[in-house]
Every structure is written in C-alpha cells, then in structure tokens.
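Per-entry structural report
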Amino acid sequence: LISPAGAKADAKLAGAADAYEFAPLNEERTARWIAHHAQAELGATVTPEAVQLLVGGVGTELQQLAAELDKVVSYARGERDAAGGGDAPLVVDEAA
C-alpha cells in the first residue's frame, strides 16, 4: 500500500497490508546521496559547492538528480578529478 505522507489509507485495505512510511528527503540527506552516488556509480567526487548548486537547482528528486549529476560529471571529466561548483550551473537544467 503506497499513499502520500499524512494521507488516510482505506481502513480495510490498510488492515490487509503492511504500512511503511517514507519521509521526503531533506537537503542534508540529499547532499549525502549526491556524494555517495557520484562516488559509487560514477567514480567521481563532487565538491560541496556543486552539491549545493545541484540541490538548489534540481531539488530532492533522486531520479532527476542522478541525470543532472551524470551531466555535471561527464562535463567535468578529462579536465580534473572533481566536479566543482562552477560546472553545475553550466549543465544543470533548473527547470527540470
């Protein structure tokens, strides 16, 4: 059973299902996810400035962050080992 946070679930359905609450990610947890995803999935490091620009420009939607982070890292590759804060505004689509 999946329902938005704070929504009342159908009592009969809720009685037959297991309920788990998934709170939205806050900015701190999102920033940690970005750093982890960059290292584990892309083999890159990202500066704190770039992380803040990504969170500010994209928000906390992980699928969109993964796509934008991939663009930032791809753009920065070959020039240095870390994607910096100056790279994010060049490739992050803030309307996403």
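Being a predicted model, the structure only gives us computed values, none of them experimental. (Residues numbered from 1 in each chain as written. Predicted model: local features only at pLDDT ≥ 70, side-chain atom pairs only at ≥ 80, totals over all residues. Heavy atoms only, no water.)

This part takes up the overall build of the protein chain. The number of helices and strands found in the protein chain is 5 helices and 2 strands. Its helices and strands taken in sequence order, the protein chain reads α-α-β-α-α-β-α from the N to the C terminus. The long-range fraction of contacts in the protein chain, counting pairs at least 24 apart against all pairs at least 6 apart in sequence, stands at 57%. Accessible surface, the protein chain as shown: approximately 6500 Å² in total, 52% of it carbon and sulfur. (Helix = DSSP H or I, 4+ residues; strand = E, 2+ residues; numbered from the N terminus. Contact = heavy atoms within 4.5 Å. Areas by Shrake-Rupley, 256 points an atom, 1.4 Å probe, with all protein chains shown as cover.)

So, on to the confidence of the model for the protein chain. For the protein chain, the mean per-residue pLDDT works out to 79, and 76% of the residues sit at or above 70. Here helix 5 (residues 88-91) stands out as the least confident element of the protein chain, with mean pLDDT 48; helix 2 (residues 27-42) is the most confident, with 93. Across residues 90-96, confidence stays below pLDDT 50; counting only partners more than four residues off in sequence or on other chains, it has 15 contacts. (pLDDT = per-residue confidence, 0-100.)

Quick look at the pattern of salt bridges now. Taken as a whole and assessed by the stated rule, the structure comprises 2 salt bridges. Ionic pairing is found between glutamate 68 and lysine 71, a salt bridge with its closest N-O pair at 3.1 Å. A residue pair is termed a helical-turn pair when its members lie 3 or 4 positions apart in one helix, as glutamate 68 and lysine 71 do in helix 4 (residues 62-76) at 3 residues. (Salt bridge = Lys/Arg side-chain N within 4 Å of Asp/Glu carboxyl O.)

It is worth spelling out the nonpolar core at this point. Generally speaking, soluble globular proteins have nonpolar side chains that are buried together. Membership of the largest hydrophobic core comes to 15 residues, with the highest contact counts inside it found for Ile34, Val46, Val51, Leu54, Leu65, Leu69 and Val73. Considering every element that reaches this core, the biggest residue donor is helix 3 (residues 48-58), with 5 residues. When sequence neighbours within four positions are dropped, the list of residues in contact with leucine 65 reads Thr30, Trp33, Ile34, Leu54, Val58, Gly59 and Thr60. (Core = buried A, V, L, I, M, F, W, Y, C linked by side-chain atoms within 4.5 Å. Buried < 20%, exposed > 50% of the residue type's maximum accessible area, 1.4 Å probe, protein only.)

All right, on to helix 2 then. In a regular helix each residue adds 1.5 Å, so 16 residues correspond to 22 Å; helix 2 covers 21 Å between its end C-alpha atoms and thus fits that length. Of all the residues in helix 2, the buried ones are Thr30, Ala31, Ile34, His37, Ala38 and Leu42. Buried residues along helix 2 sit in contact with strand 1 (45-46), helix 3 and helix 4. With a side-chain oxygen positioned 3.1 Å from the backbone nitrogen of glutamate 28, the residue opening helix 2 is asparagine 26. Glycine 43 sits one or two positions beyond helix 2 and adopts a positive phi of about 65°. (Expected span 1.5 Å × (residues − 1). Polar contact = N/O pair within 3.5 Å; in protein donor to acceptor, adjacent residues only side chain to side chain.)

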